[in-house]
Amino acid sequence: MKKKIVSMLTATVMGLSVVACGAAQTESVSEESTATTEASVAEAGADGNESAEDTSSEVAAAEESDSADAQFPMTITHGLGETVIESKPESVVAIAWGNPDVPLALGIVPSGISEANFGPRDENGLLAWTAQAFEELGAEPNVFDDTDGWDYEAIADCNPDVILAAYSGLSQEEYDRLSEIAPVVAYPEIAWTTTWQEETINDATALGLEAEGRALVEETEALIAEKLEEYPELEGKKVAFFWLSEDDLGTFYIYTNNDPRAAFLGDLGFVTPDSVTALIYDPTAFSITVSAENADLLNDVDIIITYGTESLVTAMQADGRFANIPAVQNGAYVLLDSNDALAAASTPTVLSIPYCIDDYLAALNEAAEKIQ
């Protein structure tokens, strides 16, 4: 992902710019079939409880399947057009960042997924939480190396019924070409601005599992709330997510709340500093470009989050344009090393949040303790 971040920010410097609706579920099991089921369970009697329970489970599964099938065909509106999914997908391909985590979290093994392109990956090119989900489902991943472009042939070989890409930067040309293979779920409005909640719900909806996707979001938000109870002092702290290069501090970038990294900080109870808000002239931008000459405007930033190591902080502290920023003076920063899982988890997914939230909150709390 680091390569993607750099390329995205480079595009910004060069001046380049950077929901799903499911049909209402209907009850598809008739009163007659329900009555028959009840009769079968009753006939099983005390000695046939196990058989009756099995029958009930089978019928419940059938009801769930029929209910999901009743949602199709469905039309999903997104930033690149409208996608029609005729029937409940069986073969699912998930590309770009985080989308593979959604079907996995729902207990569905994708027939093909994108390799993770940032952070510590295993021999299959997967981040720890994605690999763990495959292991728990007892499945081997089929992974595309699409860092330098989509592997259309490999995707087509999966014979997908749907391609999930709710969080992505698909161009219209890429979307059109992928759509020749299977229906594609693109980002809701603007490339790379999909929140983890939207990614989860939109991808789940395309699978006929909108209710389950919303339940996953609620469960994850409840987990976040539970974890935050351990760190009440974090509430209301002013945090900004930077991208800097110690080799050239002349220009740096700050992610806006359109970017899921910054939006996630809002989920954690943090506040966007007024100085950052004042620099946002394009309400659709996911990042803003800032000259180091204006770094002194950021005196209201309590905590800085950025990719890098201690050498970056040393460079900032030695640079007069940054040295007087309170967060730099106090050492109130969170450094995300690209070799650490936490750096990858800073762009959250429904699987990465429970995997890394303890470490993230601990790092943020450590930085908050240095605020003077």
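Since this is a predicted model, take the numbers as computed values, not measurements.

**Student:** Just checking my understanding: could you explain the pairing of strand S2 (residues 81–85) for this structure?
**Tutor:** As a general feature of sheets, a regular strand has side chains that alternate between the two faces. Bridging between strand S1 (residues 74–78) and S2 involves 5 bridges; their strand directions are antiparallel. Within S2, the residue paired with Thr 77 across the bridge is Glu 82.

**Student:** Whenever I open this one, the nonpolar core confuses me. Can you help?
**Tutor:** Note that soluble globular proteins tend to have their nonpolar side chains buried in a common cluster. Core analysis: the largest hydrophobic core is formed by 88 residues, its most contacted members being Ile 95, Leu 170, Leu 268, Ile 305 and Tyr 360. It is helix H16 (residues 352–368) that provides the largest number of residues to this core, a total of 8 residues. Within the second largest apolar cluster, 23 residues are counted, among which are Ala 240, Leu 249, Leu 279 and Ile 325.

**Student:** Explain the sheet that holds strand S10 (residues 287–291) here, please?
**Tutor:** Working definition: the strands of a sheet are paired by backbone hydrogen bonds and lie parallel or antiparallel to each other. Across the sheet, 5 strands lie side by side as S10-S9-S8-S11-S12; this open sheet has mixed pairing. On the outer flanks of this sheet lie S10 and strand S12 (333–336), each paired with one strand and no other. The average angle at which neighbouring strand axes cross in this sheet is 30°, direction not considered. For strand S9 (residues 248–255) and S10, the ladder comprises 5 bridges, and the chain directions are antiparallel.

**Student:** For this particular structure, what's the right way to read the packing of aromatic side chains?
**Tutor:** For any two aromatic rings, the description comes down to two numbers: the centre-to-centre distance and the angle of the planes. Going through the model one piece at a time under the given rule, you end up with 9 aromatic pairs. Summarising the aromatic geometry, the rings of Phe 264 and Tyr 360 are spaced 6.2 Å apart at their centres and angled 25° between planes, so their arrangement reads as stacked. Of this pair, Phe 264 sits in helix H10 (residues 260–267) while Tyr 360 sits in helix H16, placing them 96 residues apart in sequence. It is Arg 177 that lies over the ring of Tyr 152; its NZ or CZ is 3.8 Å from the centre.

**Student:** What exactly am I supposed to notice about the pattern of salt bridges here?
**Tutor:** Think of it this way: side chains of opposite charge can pair up when their charged atoms draw near. What the rule picks out here adds up to 5 salt bridges. The partner of Asp 259 in a salt bridge is Arg 261, with the nearest N and O atoms 2.8 Å apart. Its relative accessible area of 1% is what places Arg 261 among the buried residues. Between Glu 293 and Arg 321 there is a salt bridge, and its shortest N-O distance comes to 3.4 Å. Residue Glu 293 is found in the loop between S10 and strand S11 (303–307), and its partner Arg 321 is found in helix H13 (residues 320–323); the two are separated by 28 residues along the sequence.

**Student:** Would you take a moment to explain empty space enclosed by the protein for this structure?
**Tutor:** By volume, the largest cavity amounts to about 60 Å³. In terms of lining, the largest cavity is formed by Ile 304, Thr 306, Leu 312, Val 313, Met 316, Ala 327, Val 328, Ala 332, Tyr 333 and Leu 335. Ranked by residues supplied to the lining of the largest cavity, first place goes to helix H12 (residues 310–318) with 3 residues. Residues belonging to the lining of the largest cavity are distributed by class as follows: 9 nonpolar, 1 polar and no charged. Of the voids in this model, the second largest cavity is the one considered here, and its volume is about 40 Å³.

**Student:** Quick question: what am I supposed to make of helix H9 (residues 210–228) here?
**Tutor:** In an α-helix, one turn spans 3.6 residues, which is why side chains three or four residues apart end up on the same side. Between its first and last C-alpha atoms H9 spans 27 Å; for 19 residues at 1.5 Å apiece the expected length is 27 Å, and the two agree. What H9 keeps buried is the set Glu 210, Gly 213, Leu 216, Val 217, Thr 220, Ile 224, Lys 227 and Leu 228. Along the axis of H9, the buried residues cluster in a sector spanning 120°; they form a single face. Turned more than 90 degrees away from the buried face of H9, the exposed residues are Glu 218 and Glu 219. Contacts from the buried residues of H9 go to helix H4 (101–105), helix H8 (196–206), H10 and H16.

**Student:** Is there a simple way to think about the sheet that holds strand S4 (residues 112–114) in this case?
**Tutor:** Within the open sheet, the 5 strands sit side by side as S5-S4-S3-S6-S7. Their pairing is parallel. Each edge of the open sheet carries a strand with a single partner, namely strand S5 (143–144) and strand S7 (184–185). In this sheet, S4 lies alongside strand S3 (residues 92–94) in parallel orientation, the contact comprising 2 bridges. Paired with Val 93 across the two strands is Gly 112, which belongs to S4.

**Student:** Where do I start with the side chain of Asp 101 in this structure?
**Tutor:** Of note, Asp 101 is situated in helix H4. Of the side chains with opposite charge, Arg 121 lies nearest to the buried Asp 101, which makes no salt bridge, at 13 Å. Within the structure, Asp 101 has its side chain in polar contact with the side chain of Thr 130 (distance 2.7 Å). A distance of 2.6 Å separates a polar atom in the side chain of Asp 101 from a polar atom in the side chain of Thr 349. With near-sequence residues (within four places) excluded, Asp 101 lies in contact with Trp 129, Thr 130, Thr 349, Val 350 and Leu 351.

**Student:** When you look at the packing of H8 against H9 in this model, what are you seeing that I'm missing?
**Tutor:** For any two helices packed against each other, the geometry is given by the interaxial angle and the distance between the axes. Viewed as axis vectors pointing N to C, H8 and H9 meet at an angle of 155°, and their least axial separation amounts to 7 Å. Considered as vectors, H8 and H9 are oriented roughly antiparallel to each other. Pair H8 / H9 crosses with right-handed handedness. Along the contact surface, H8 presents Trp 196, Gln 197, Thr 200, Ile 201, Ala 204 and Thr 205, while H9 presents Glu 210, Gly 213, Arg 214, Leu 216, Val 217, Thr 220, Glu 221 and Ile 224. In the contact of H8 with H9, the residues fall into 6 nonpolar, 5 polar and 3 charged.

What counts and what doesn't
- Residues numbered from 1 in each chain as written.
- Predicted model: local features only at pLDDT ≥ 70, side-chain atom pairs only at ≥ 80, totals over all residues.
- Heavy atoms only, no water.
- Pairing = 2+ DSSP bridges.
- Helix = DSSP H or I, 4+ residues; strand = E, 2+ residues; numbered from the N terminus.
- Core = buried A, V, L, I, M, F, W, Y, C linked by side-chain atoms within 4.5 Å.
- Buried < 20%, exposed > 50% of the residue type's maximum accessible area, 1.4 Å probe, protein only.
- Axes fitted to C-alpha atoms, helices over the stretch in contact; angles between N-to-C directions.
- Phe/Tyr/Trp six-rings, centres within 6.5 Å; stacked < 30°, edge-to-face > 60°.
- Lys NZ or Arg CZ within 6 Å of the ring centre and 35° of its normal.
- Salt bridge = Lys/Arg side-chain N within 4 Å of Asp/Glu carboxyl O.
- 1 Å grid on protein atoms, 1.4 Å probe; cavity = no way out; pocket = protein on both sides within 12 Å on 5 of 7 lines; lining within 4 Å.
- Points joined across faces, edges and corners; volume = space filled by probe spheres on them.
- Nonpolar A, V, L, I, M, F, W, Y, C, P; charged D, E, K, R; others polar.
- Expected span 1.5 Å × (residues − 1).
- Arc of directions from axis to C-beta.
- Contact = heavy atoms within 4.5 Å.
- Lys, Arg positive; Asp, Glu negative; His and termini not counted.
- Polar contact = N/O pair within 3.5 Å; in protein donor to acceptor, adjacent residues only side chain to side chain.
- Parallel < 35°, antiparallel > 145°, perpendicular 65-115°, else oblique.
- Left-handed = near helix turned anticlockwise from the far one by under 90°.

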